[in-house]
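# Examination of the molecular architecture
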Amino acid sequence: MVVAPARAVPPGVADRVTDLASHHVPELELQFHPQCFAAHGHFAGDDTTRKDTLIEAANDPDLDAIWFGRGGYGSARLLSDLVANLGPAARQKTYLGYSDTGALLATLYGAGIGNCIHGPMPSDVQRIGGEAAVLRALQALKVPVLQKADARPQIALNLTVLASLNGTPFLPDLTGHILHLEDIGEYHYRLDRAFAQLASSAWFSRLAGVRLGRFSDVPENDIDFAMTADEIARHWCAAASVPVIGTSPIGHDADNGVVVFG
């Protein structure tokens, strides 16, 4: 079931993605909840509508997976009391998304609910090469327990979303984890600010390592920041004695990779 916890799914996306699924992964029965197309200002329906839809779908024993339709902003408004309203059926599901919906994935993962996966969303079909991204996600929904190249637990999040969770009860225990990070559209000084906040937090030094995804569409500062996104990340990881152990395939683009949490 596709739901939209943040912004609405754009017109035409459902038809294109459903058509891809029927041709390439016919064993999946893909449904778009009507809430995906609701409108309430910036959001796909008001907070109550979006939250109730997510809870209803998560608690439905006839559904195997929840696929978040798109990001934008809005998921953070649904976190309060979310876990308390999820029953046994919610714990058996796969949850797939990224970007803003990483706030939901992190919260669910921290509560031990379901199989959480970072990966493309239906709205990505609009990107150049987006059909390949959607097919990658559909395969992950088909076979959600994927073989990992590293035995250590993994989690993949948007940097800005992670910084917004820092210091809240929704941040999971990431001790011993490899943290994959990416972002889009943030000035270098904002990336630096987010990394500085994380690096000064006690939990950050307990990571096993950081993998750097793509930090794309970085606007130009009025004054050159004189550090790239990669240099900023490495500076603050070194300050916290956290190793940068390589790159990650994640980012806001058609090449966005799949990372299973845990």
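Residues numbered from 1 in each chain as written. Predicted model: local features only at pLDDT ≥ 70, side-chain atom pairs only at ≥ 80, totals over all residues. Heavy atoms only, no water.

### Structural notes on the overall build of the protein
Broken down by element type, the protein carries seven helices and nine strands. Against the compact-globule benchmark of 18 Å for 262 residues, the protein has a radius of gyration of 18 Å, which places it among compact chains. Seen through its C-alpha atoms, the protein measures out along the principal axes to roughly 50 × 40 × 35 Å. Taken over 262 residues, the protein has a buried fraction of 53%. Restricting to contacts in the protein with at least 6 residues of sequence separation, those with at least 24 account for 79%. Here the protein displays about 11,400 Å² of accessible surface, and carbon together with sulfur accounts for 51% of that area. With 19 positive and 29 negative side-chain charges, the protein shows a spacing of 4 Å between the two charge centroids. (Helix = DSSP H or I, 4+ residues; strand = E, 2+ residues; numbered from the N terminus. Rg over C-alpha atoms; globule rule 2.2 N^0.38 Å. Buried < 20%, exposed > 50% of the residue type's maximum accessible area, 1.4 Å probe, protein only. Contact = heavy atoms within 4.5 Å. Areas by Shrake-Rupley, 256 points an atom, 1.4 Å probe, with all protein chains shown as cover. Lys, Arg positive; Asp, Glu negative; His and termini not counted. Charge placed at Lys NZ, Arg CZ, Asp CG, Glu CD.)

### A word on the layout of surface pockets
A volume near 380 Å³ is recorded for the largest pocket. When residues of the lining of the largest pocket are traced back to their parent elements, those giving at least two are α5 (159–165) and β6 (178–184). The biggest single contributor to the lining of the largest pocket is α5, with three residues. Within this model, the second largest pocket holds a volume of roughly 310 Å³. (1 Å grid on protein atoms, 1.4 Å probe; cavity = no way out; pocket = protein on both sides within 12 Å on 5 of 7 lines; lining within 4 Å. Points joined across faces, edges and corners; volume = space filled by probe spheres on them.)

### Details of the sheet that holds strand β7 (residues 209–216)
What the four strands build is an open sheet, ordered β5-β6-β7-β8; its pairing is parallel. Both outer strands of the open sheet, β5 (154–158) and β8 (244–247), are each paired with one neighbouring strand and no more. Averaged over all pairs of adjacent strands, the angle between their axes in this sheet comes to 25°, without regard to strand direction. The pairing of β5 with β6 spans five bridges and is parallel. Bridge pairing links I155 to L179 in β6. (Pairing = 2+ DSSP bridges. Axes fitted to C-alpha atoms, helices over the stretch in contact; angles between N-to-C directions.)

### Structural notes on the sheet that holds strand β1 (residues 2–3)
Pairing is mixed across the open sheet formed by five strands, whose spatial order is β1-β2-β3-β4-β9. On the outer flanks of this sheet lie β1 and β9 (259–260), each paired with one strand and no other. In terms of strand pairing, β1 meets strand β2 (residues 65–68) through two bridges, oriented parallel. What sits directly across from V2, in β2, is W67.

### Brief notes about helix α4 (residues 130–142)
Over its 13 residues, α4 extends 18 Å from the first C-alpha to the last, a length consistent with the 18 Å expected when each residue adds 1.5 Å. Inspection of α4 places G130, A133, V134, A137, L138, A140 and L141 among the buried residues, and these make up the whole buried set. Down the axis of α4, the smallest arc covering the buried residues is 160°, so these residues share one side. (Expected span 1.5 Å × (residues − 1). Arc of directions from axis to C-beta.)

### Let's talk about helix α2 (residues 47–58)
For α2, built from twelve residues, the straight-helix expectation of 16 Å at 1.5 Å per residue is met to within 8% by its first-to-last C-alpha distance of 16 Å. Inspection of α2 places R50, K51, T53, L54, I55, A57 and A58 among the buried residues, and these make up the whole buried set.

### Details of the pattern of salt bridges
Overall, the coordinates contain eight salt bridges when judged by the stated rule. Across the pair E131 and R16 runs a salt bridge, and its minimum N-O distance is 3.9 Å. Residue E131 is located in helix α4, and its partner R16 is located in helix α1 (residues 13–24); the two are separated by 115 residues in the primary sequence. A cluster of three or more residues bridged by salt bridges with shared partners is formed by D47, R50 and R77. (Salt bridge = Lys/Arg side-chain N within 4 Å of Asp/Glu carboxyl O.)

### Some thoughts on unusual backbone geometry
One non-glycine residue with positive phi stands out, namely D217, at about 50°. For D217, the position within the fold is in the loop between β7 and α7 (229–239). One non-glycine residue, A226, lies in positive phi territory at about 70°. Within the fold, A226 resides in the loop between β7 and α7. Overall, A226 belongs to the exposed group, its relative accessible area being 60%.

### Remarks on the environment of R16
Among the residues examined, R16 registers a relative accessible area of 40% and is labelled partly exposed. Note: C-alpha distance between R16 and Q126 (110 residues apart in sequence) is 9.3 Å. Once residues within four sequence positions are removed from consideration, R16 is found in contact with V125, Q126 and E131.

### Re the side chain of D124
Within the secondary structure layout, D124 lies in the loop between β4 (115–118) and α4. At 2.8 Å, the side chain of D124 forms a polar contact with the backbone nitrogen of M121. Leave out the neighbours within four places in its chain, and D124 touches Y98, G130 and V134. (Polar contact = N/O pair within 3.5 Å; in protein donor to acceptor, adjacent residues only side chain to side chain.)

Function-wise, these values are silent; they only describe arrangement.
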